[in-house]
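# Architecture at a glance
Okay, here's what each chain looks like letter by letter:
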Amino acid sequence: MSNKTKVVLIGFDAWGAYSLPKADMPLAKRMAKNGSSAMNARCIRPSKSSCNWTSMVMGANPDIHGYIDWDTAVPAFETPVDHYGLFPTIFALIKDQKPELKTGYFYEWDLMRLFCPDAAAHKELLPGLSYDSAQAEKIADYIRKEKPDFTFVQFDEPDHCGHKAGHDTAPYYELLSQLDSFAAIIEKGVKDSGDYDDTIFILTSDHGGIEKDHGGDTPMERNIPLIFCGKNIKTDYTIKSMVMIYDIPATIAYIFGVRPPQPWIGRPVTEIFKLGT
Ligand SMILES: [Zn+2]
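As a starting point, this report considers the structure included with it.

## Brief notes about the overall build of the chain
Across its full length, the chain holds nine helices and eight strands. Its C-alpha atoms give the chain a radius of gyration of 17 Å, near enough to 19 Å, the size a compact globule of 277 residues would have. Dimensions of the chain, computed from the C-alpha atoms along their principal axes, are close to 45 × 45 × 35 Å. Across the 277 residues of the chain, 58% fall into the buried class. For the chain, long-range pairs separated by at least 24 residues make up 71% of all intrachain contacts whose partners lie at least 6 apart in sequence. For the chain, the exposed area adds up to about 10,800 Å²; of that, 52% sits on carbon and sulfur atoms. Here the chain contributes 29 positively and 37 negatively charged side chains, and the mean placements of these two sets differ by 6 Å.

So this is what it looks like as structure tokens:
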């Protein structure tokens, strides 16, 4: 695909796919309608945070990358590392193979600092991102000013809400609505940057949840939403492939024309692209 294509990847922690029909999330629903989506994309086991966020940027599963639990900060066993000292991430691939591309990495959960090497042009912790629209505005400002080619945004909610109030509860849906409005702030930044028509948005999650926990294998925990919308993406299209969370970075690599490294097992979701792109 053209190098002019840009990608904005937004993940909400513990956003289960089951919730979308019931949720007040106009942006997510619009992007699903105007794009390609799967409501049965699957996170890896266990359905917990660190092991899945790493899979989302590392193109492999815990058997391979070694981040095995919710709070794994360093691999649990010896794994391949690149010259940044990490299991190869999508950021490293882009930096090494397309150094002209600019990447931004924004995260609310401090542990996420460990999953991005110096390969990102911009890396920023945004405490309270899930609650403070001013933090989302910072991302939008960065996009307006820097016009990054790849932007990654990690929201740390509704995970905590799921543990406290419970998944699939009124407070959980209130938070999802708020997060959707913050994603709209980021989308506005892309519009203002002038790059909207060249951008593919990806909305997803690291895992879902059930009652006040997650980590198991119920569909509420394992099925994550995966929405692609934007340049050259089929509209109103339901993804037919079996998609795993580690296919997300493989798809981003495909979009940017960078070659995945040998340890990656993710496969690009090519059926989402319009013919001839
Ligand atoms: Zn999580």
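After that view, the rundown keeps rolling.
## Here we look at the sheet that holds strand β5 (residues 150-158)
Strand order in the open sheet formed by eight strands is β4-β3-β5-β1-β6-β7-β2-β8, and the pairing between neighbours is mixed. Single-partner strands in this sheet number two, and they are β4 (122-125) and β8 (237-238). Helix α7 (residues 170-193) contacts β1 (6-13), β5 and β6 (199-205) of the sheet and is inclined by roughly 165° relative to β5.

## Some words on the coordination of the zinc ion
Asp13 (OD), Asp13 (OD), Ser49 (OG), Asp206 (OD) and His207 (NE2) make up the full set of protein donors to the zinc ion, lying at 1.9 to 2.7 Å. If you list the donors of the zinc ion from N- to C-terminus, the spacing comes out as D-x35-S-x156-D-H. Residue Asp13 is found in strand β1, and its partner Asp206 is found in the loop between β6 and α8 (219-222); the two are separated by 193 residues along the sequence.

## Considerations on the pairing of β5
Within β5, nine of the nine residues are buried, which leaves the element mostly enclosed by the surrounding structure. Sheet topology note: the β1/β5 ladder contains seven bridges and is parallel. In the sheet register, Asp13 faces β5, and the bridge partner there is Pro158. One ladder, built from five bridges, connects strand β3 (residues 103-107) with β5; its direction is parallel.

## Describing helix α9 (residues 247-256)
With nine of 10 residues buried, α9 is to be regarded as a mostly interior element. Along α9, the positions that sit buried rather than exposed are Asp247, Ile248, Pro249, Ala250, Thr251, Ile252, Ala253, Ile255 and Phe256. Those residues of α9 that are buried lie in contact with β1, α2 (49-58), α4 (90-97), β5, β6 and β7 (223-230). In the stretch just after α9, Gly257 is the one whose phi turns positive, near 70°.

## Side note on unusual backbone geometry
A cis geometry characterises the amide bond from Arg45 onward to Pro46, with omega recorded as -5°. Locating Pro46 in the fold gives a position in the loop between β2 (36-42) and α2. Along the chain, Glu157 connects to Pro158 via a cis peptide bond; the corresponding omega equals 10°. Tracing the sequence through the fold places Pro158 in strand β5. Non-glycine residue Asn232 carries a positive phi angle of around 65°. On the secondary structure map, Asn232 appears in the loop between β7 and β8. One non-glycine residue, Asp236, adopts positive backbone phi at about 50°. Along the chain, the position of Asp236 falls in the loop between β7 and β8.

## Comments concerning the environment of Asp247
Relative to the helices and strands, Asp247 is located in helix α9. Overall, the relative accessible area of 4% leaves Asp247 in the buried class. Between the C-alpha atoms of Asp247 and Ser37, which are 210 residues apart in sequence, the distance is 13 Å. Here Asp247 is in contact with Met242, Gly266, Arg267 and Val269, once residues within four sequence places are set aside.

## What about the packing of aromatic side chains?
For the structure shown, the criterion picks out 16 aromatic pairs. The interplanar angle of 15° and the centroid separation of 6.4 Å between the aromatic rings of Tyr18 and Tyr172 together place this pair among those described as stacked. Taken as a pair, Tyr18 in the loop between β1 and α1 (26-33) and Tyr172 in helix α7 lie far apart in primary sequence, 154 residues in all. A residue is classified by how much of its surface remains accessible, and Tyr172, at 0% relative accessible area, is buried. Ring geometry for Tyr67 against Phe115: centres 5.4 Å apart, planes inclined by 80°, an arrangement best described as edge-to-face. Of this pair, Tyr67 sits in the loop between α3 (62-65) and α4 while Phe115 sits in the loop between β3 and β4; the two residues are 48 residues apart in sequence, bridging distant segments of the chain. Here Tyr67 and Phe115 have matching classes, each one buried. Taken together, the ring pairs connect Trp53, Phe91, Tyr105, Tyr107, Phe150, Phe152 and Phe256 into an aromatic cluster. One cation-aromatic arrangement involves Lys234 over Tyr237; the distance from NZ or CZ to the ring centre is 4.4 Å.

Here is what the cut-offs are and how they apply
Residues numbered from 1 in each chain as written. Predicted model: local features only at pLDDT ≥ 70, side-chain atom pairs only at ≥ 80, totals over all residues. Heavy atoms only, no water. Helix = DSSP H or I, 4+ residues; strand = E, 2+ residues; numbered from the N terminus. Rg over C-alpha atoms; globule rule 2.2 N^0.38 Å. Buried < 20%, exposed > 50% of the residue type's maximum accessible area, 1.4 Å probe, protein only. Contact = heavy atoms within 4.5 Å. Areas by Shrake-Rupley, 256 points an atom, 1.4 Å probe, with all protein chains shown as cover. Lys, Arg positive; Asp, Glu negative; His and termini not counted. Charge placed at Lys NZ, Arg CZ, Asp CG, Glu CD. Pairing = 2+ DSSP bridges. Axes fitted to C-alpha atoms, helices over the stretch in contact; angles between N-to-C directions. Donors = N, O, S within 2.8 Å, 3.2 Å for Na, K, Ca; no water. Phe/Tyr/Trp six-rings, centres within 6.5 Å; stacked < 30°, edge-to-face > 60°. Lys NZ or Arg CZ within 6 Å of the ring centre and 35° of its normal.

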